[in-house]
Amino acid sequence: MRLLLIEDDTMIGENIQDVLRGEGYAVDWAQDGRAGELALVHDVYDLVLLDLGLPKKDGIRVLQTYRANGGKNPVMILTARDSVMDRIGGLDAGADDYLVKPFDVKELAARVRALLRRSSGATQLIYRHRQLMLDPVSHEASHAQQVLNLAPREFALLHALIAEPQRVFSRAELEEKLYGWGDEIESNTIEVYIYGLRKKIGAGEILNVRGVGYRLAS
Ligand code: CA
């Protein structure tokens, strides 16, 4: 899963980025409203974390532009503005959730999981598909009741696949979900992780749809 953080406060930004990377997300960080807006035009994010008081362009206007351009993915506002009118304004502009600073990063991580779950249409906390189980909270995954020992990016890859098990993901889509700006991506990197995952969960569990990409077996 790939997230965009739009936040101008360096300390808060670094803290959030560290925590969410620790949870296995790819996190890009834009430090002003204009940079955030550009990122939203050029890249696809599963979720956006948006500060309101931003240099160059106010967060509410960034959000309005994103929604006006057809952006559908969840947006969570993070801000010190905590009056009721600010909250209503943010939600009316198209935000899905609202967290008032200062907040506990554990709560932030939990709300991120909840929003991603809701946007993928999943209603349960734990993903199950055939013999596979993945728990984003405890970071555990198993196959046929056997606990899987997955590298962080293998876990992230399985998370992306199992969140939408019917969908075929192109290699580029999977790269976008696993990597942020500045991450080095080798040309065959997704194939390497697919290979690693297949060895752990069984080759037949991930289908290669020729010329299109990958999906879980149904
Ligand atoms: Ca700010």
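Located above this text is the structure these notes cover.
Keep in mind that what you see is a predicted model, and the values were worked out from it rather than measured.

Draft legend 1. Representation of the side chain of H143 within the structure. Mapped onto the secondary structure, H143 falls in strand 8 (residues 140-143). The class of H143 is buried, set by a relative accessible area of 15%. Here I201 takes part through its backbone oxygen, which lies 3.2 Å from a polar atom of the side chain of H143. Discounting residues that sit within four places of it in the chain, H143 has contacts with Q131, L132, L148, I201 and E205.

Draft legend 2. A look at the coordination of the calcium ion. D8 (OD), D51 (OD) and G53 (O) make up the full set of protein donors to the calcium ion, lying at 2.2 to 2.3 Å. For D8, a relative accessible area of 30% puts it in the partly exposed group. When its relative accessible area of 36% is taken as the criterion, G53 is described as partly exposed.

Draft legend 3. Spotlight on the nonpolar core. If you look at the biggest cluster of nonpolar residues, it comprises 44 residues, and the most contacted ones within it are L49, L78, L108, V112 and L158. Top element by residues in this core is helix 6 (residues 152-163). It accounts for eight residues. Excluding its chain neighbours within four sequence positions, the residues that come into contact with L49 are L4, L5, I6, I16, L20, M76, L78, L108 and V112. Of all hydrophobic cores here, the second largest spans 19 residues; its members include L4, L40, V62 and I77.

Draft legend 4. Region of the structure containing the pairing of strand 10 (residues 206-209). Two strands pair when backbone bridges link them, and strand 10 and strand 11 (residues 213-216) are joined in this way by four bridges, in the antiparallel orientation. Directly across from V209, in strand 11, lies its bridge partner G213.

Rules used throughout
- Residues numbered from 1 in each chain as written.
- Predicted model: local features only at pLDDT ≥ 70, side-chain atom pairs only at ≥ 80, totals over all residues.
- Heavy atoms only, no water.
- Helix = DSSP H or I, 4+ residues; strand = E, 2+ residues; numbered from the N terminus.
- Buried < 20%, exposed > 50% of the residue type's maximum accessible area, 1.4 Å probe, protein only.
- Polar contact = N/O pair within 3.5 Å; in protein donor to acceptor, adjacent residues only side chain to side chain.
- Contact = heavy atoms within 4.5 Å.
- Donors = N, O, S within 2.8 Å, 3.2 Å for Na, K, Ca; no water.
- Core = buried A, V, L, I, M, F, W, Y, C linked by side-chain atoms within 4.5 Å.
- Pairing = 2+ DSSP bridges.

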